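Structural description and commentary
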Amino acid sequence: MNIPTVARVFGQTLTDIPTDLFIPPDALQVVLHSFEGPLDLLLYLIRKQNIDVLDIPMVEITAQYLDYIAHLEAKQFDLAAEYLLMAAVLIEIKSRLLLPAPAAESPEDETADPRAELVRRLLEYEQIKAAANDLDALPRAGRNFAWAYLPVELAAHTPLPTATLADLSRAWIGILTRAAQHQHHEITQEALSVRHSMHAVMQQLAHQRDGCRFHQLCRADASAAEWVACFLAVLELVKDGMVRVEQTQAFDDIWVRRHDIAI
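Residues numbered from 1 in each chain as written. Predicted model: local features only at pLDDT ≥ 70, side-chain atom pairs only at ≥ 80, totals over all residues. Heavy atoms only, no water.

Description of the pattern of salt bridges
With the rule as written, the count across this model stands at 9 salt bridges. Among the salt bridges present, the one from E124 reaches R120, with a minimum N-O distance of 2.9 Å. Of the two residues, E124 and R120 are both situated in helix α6 (residues 116-137); the distance of 4 residues between them amounts to about one turn of the helix. Residue class for E124 comes out partly exposed when judged on its relative accessible area of 39%. Across the salt bridge formed by R170 and D167, the nearest N and O atoms sit 2.3 Å from each other. Here the residue R170 and the residue D167 both occupy positions in helix α7 (residues 165-180), the gap between them amounting to 3 residues, near one helical turn. (Salt bridge = Lys/Arg side-chain N within 4 Å of Asp/Glu carboxyl O. Helix = DSSP H or I, 4+ residues; strand = E, 2+ residues; numbered from the N terminus. Buried < 20%, exposed > 50% of the residue type's maximum accessible area, 1.4 Å probe, protein only.)

Set out below in structure tokens:
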């Protein structure tokens, strides 16, 4: 029977706690506070004795684990609830190892180890704890160093756009299209008077006894507005009975004569 080792003092192994050893009332609470949970305590016991986590001696580890919580007072149950739960798990695994194994229904059941789930949890916890320690060792702002802020005005350089021959062709076609849609012309107001045109027609007919053709009443370089004013002047003169217009046959010249002149 293996007797659990309590401590080693000057090379000697102690298997019992000395009777004259004073343990403060809150010693258990301090011990439990030094661990982050039952898995942390269990992993500490395993690594402290260089035990292979894949082959845990459940009798020895369970006894050591129970020693840590054996002196727990009733008022500290809420503090160590998780530790007591792990103790129950260890006792269950220990009991299953001591009891004869039932007949296996398949080859896989024969290799089932009651410690497998506990080993898996311990390995995962150890990996997470190692990763947390590595992250904690990294320099941290506010703990290992402080950020220095220096306002610097940076001039942003806008890169020039790149264009291909096809882009230039499309742009030129777009310019021509927009230009065709925005054509404009200038409108000027001409100072024309029908009354003035009537006077000019009468003066011209006064010098031509036989009258004149209609296209001779205006200059050859007269504008369209001047021709319209001349045409309206002739109509007004015809209405007033001062001139008459004649045309011998269709599409022939139109003659304009004073009304008081007989043919």
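Examining the packing of helix α2 (residues 38-48) against helix α3 (residues 58-69)
Running from amino to carboxyl end, α2 crosses α3 at an angle of 125°, the nearest separation of the two axes being 10 Å. Relative to α3, α2 is oriented oblique. Crossing hand, α2 versus α3: right-handed. Contacts between α2 and α3 involve P38, L41, L42, Y44, L45 and I46 on the former and, on the latter, I61, Q64, Y65 and Y68. For the contact of α2 with α3, a count of residues per class yields 9 nonpolar, 1 polar and no charged. (Axes fitted to C-alpha atoms, helices over the stretch in contact; angles between N-to-C directions. Parallel < 35°, antiparallel > 145°, perpendicular 65-115°, else oblique. Left-handed = near helix turned anticlockwise from the far one by under 90°. Contact = heavy atoms within 4.5 Å. Nonpolar A, V, L, I, M, F, W, Y, C, P; charged D, E, K, R; others polar.)

Here we look at the packing of α2 against helix α4 (residues 81-98)
Where α2 contacts α4, the two axes come as close as 9 Å, and the packing angle between them is 55°. The angle between the axes of α2 and α4 places the two elements in the oblique class. Residues P38, L39, L41 and L42 of α2 pack against E82, Y83, M86 and L90 of α4. Tallied by class, the residues present in the contact of α2 with α4 amount to 7 nonpolar, no polar and 1 charged.

Some points on the nonpolar core
Ranked by internal contacts, the top residues of the largest apolar core, which has 22 residues, are L42, I56, Y65, L118 and L122. Of all the secondary-structure elements, those providing two or more residues to this core are α2, α3, α4 and α6. By residue number, the principal contributor to this core is α2, which donates 6 residues. Setting aside anything within four residues of it in sequence, one finds L42 in contact with I61, Y65, M86, L90, L118 and L122. In terms of nonpolar packing, the next biggest core, distinct from the first, is built from 14 residues, M198, L205, V234 and V243 among them. (Core = buried A, V, L, I, M, F, W, Y, C linked by side-chain atoms within 4.5 Å.)

Some points on the pairing of strand β5 (residues 255-258)
Bridge analysis of strand β3 (residues 212-213) against β5 gives 2 bridges, and the strand direction is antiparallel. Directly across from C212, in β5, lies its bridge partner V256. Examined bridge by bridge, strand β4 (residues 243-246) and β5 share 4 bridges and lie antiparallel to one another. Within β5, the residue paired with R244 across the bridge is R257. (Pairing = 2+ DSSP bridges.)

Considerations on the side chain of S197
As for its placement among the helices and strands, S197 is situated in helix α8 (residues 194-206). On the accessibility criterion, S197 (13% relative accessible area) is buried. In this structure, S197 is in contact with A229, C230 and A233, ignoring residues within four places of it in sequence.

Looking at the environment of Y65
Examined against the element boundaries, Y65 turns out to sit in helix α3. On a C-alpha basis, the gap between Y65 and L84 in space is 9.8 Å, while along the polypeptide they are 19 residues apart. Apart from residues no more than four positions distant in its own chain, Y65 is found in contact with P38, L41, L42, L45, E82, Y83, M86, A87 and L90.

Things to note about the packing of aromatic side chains
For the coordinates displayed, the defined rule picks out 3 aromatic pairs. Judged by centre distance (6.1 Å) and plane angle (45°), the rings of F214 and W227 are tilted. Here W227 lies in helix α9 (residues 224-239) and F214 lies in the loop between β3 and α9, a separation of 13 residues in the sequence. Look at W227 and you get partly exposed, because its relative accessible area is 26%. Note on F214 and F231: the rings are 6.2 Å apart at their centroids and 90° apart in plane angle, and the pair reads as edge-to-face. Of this pair, F214 sits in the loop between β3 and α9 while F231 sits in helix α9, placing them 17 residues apart in sequence. Through successive ring pairs, a cluster of aromatic residues spans F214, W227 and F231. (Phe/Tyr/Trp six-rings, centres within 6.5 Å; stacked < 30°, edge-to-face > 60°.)

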